[in-house]
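Residue-level structural notes
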Amino acid sequence: MEFSNEIIRSLGITLVHSLWQGAIISVIILSLLSLIGKSNARLRYVVLFSGLMLLLAGFIITFFFVHQQNFLLTSWKNTPQQVLLPAEYTFSTLWPYTPGRFARWLFSSLEPAYPVLALGWLAGFLFIGVRIT
């Protein structure tokens, strides 16, 4: 049960991160599409497809990074005296991004909603996949 909770938590955090990643990729794609214009359909297709692949790659990379970090933090938390960390090895070195107050508040307030976010995302993904096939 612990393993599935870690995966659901990692998926929930990844979904929240995918929002800002998708926004950045969307801005880049929209600016590229405005430069290309409507005359070159093949180039527009390549740009849009590349954007979708960037979204997918970002999601997968973020999921594995977050899941690995969650695994390391929970294993260190569960073994209090077996793992001795040096004094300079703080949370900011475990997580290279130092989140601000808003990000900490956002992730802590969304913590109970991670199972709902994960199941909703999986249901939507499966629905769209079945619809496409």
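Residues numbered from 1 in each chain as written. Predicted model: local features only at pLDDT ≥ 70, side-chain atom pairs only at ≥ 80, totals over all residues. Heavy atoms only, no water.

The helix and strand inventory of the protein stands at five helices and zero strands. When the helices and strands of the protein are read in sequence order from the N terminus, they spell out α-α-α-α-α. Sorting the 133 residues of the protein into buried and exposed places 22% on the buried side. Pairs at least 24 apart in sequence give 73% of the contacts found in the protein among residues at least 6 apart. (Helix = DSSP H or I, 4+ residues; strand = E, 2+ residues; numbered from the N terminus. Buried < 20%, exposed > 50% of the residue type's maximum accessible area, 1.4 Å probe, protein only. Contact = heavy atoms within 4.5 Å.)

The next thing to look at is the layout of surface pockets. In this model, the second largest pocket occupies a volume close to 430 Å³. Around the second largest pocket sit Leu15, Ser18, Leu19, Gln21, Leu52, Met53, Leu55, Leu56, Phe59, Trp121 and Phe125, which together line it. Those elements that provide at least two residues to the lining of the second largest pocket are helix 1 (2-36), helix 2 (41-78) and helix 5 (114-132). The leading source of residues in the lining of the second largest pocket is helix 2, at five residues. Split into classes, the residues belonging to the lining of the second largest pocket amount to nine nonpolar, two polar and no charged. (1 Å grid on protein atoms, 1.4 Å probe; cavity = no way out; pocket = protein on both sides within 12 Å on 5 of 7 lines; lining within 4 Å. Points joined across faces, edges and corners; volume = space filled by probe spheres on them. Nonpolar A, V, L, I, M, F, W, Y, C, P; charged D, E, K, R; others polar.)

Here we take up the environment of Ser26. Mapped onto the secondary structure, Ser26 falls in helix 1. Residue classification places Ser26 among the partly exposed residues on the basis of a relative accessible area of 36%. Taking the C-alpha atoms as reference points, Ser26 and Leu55, separated by 29 residues in sequence, lie 9.4 Å from one another.

Turning to the nonpolar core, a few remarks are in order. One finds Leu11, Leu15, Phe59, Phe63 and Ala118 forming the largest nonpolar core, which totals five residues. Taken together, the elements giving at least two residues each to this core come down to helix 1 and helix 2. Discounting residues that sit within four places of it in the chain, Phe59 has contacts with Leu11, Thr14, Leu15, Ser18, Gln21 and Trp121. (Core = buried A, V, L, I, M, F, W, Y, C linked by side-chain atoms within 4.5 Å.)

What follows is about the packing of aromatic side chains. Considering all chains together, one arrives at four aromatic pairs under this definition. Ring centres of Tyr45 and Phe49 lie 6.2 Å apart, and the angle between their planes is 15°; this geometry places the pair in the stacked category. With a gap of four residues between them, Tyr45 and Phe49 both fall in helix 2, about one helical turn apart. The exposure class of Tyr45 is exposed, given its relative accessible area of 57%. Taking the relative accessible area as the measure of exposure, Phe49 reaches 42% and is therefore partly exposed. (Phe/Tyr/Trp six-rings, centres within 6.5 Å; stacked < 30°, edge-to-face > 60°.)

This paragraph deals with the side chain of Gln21. Note on placement: Gln21 falls in helix 1. What makes Gln21 buried here is its relative accessible area of 16%. Apart from the residues within four sequence positions on either side, Gln21 is in contact with Gly58, Phe59 and Thr62.

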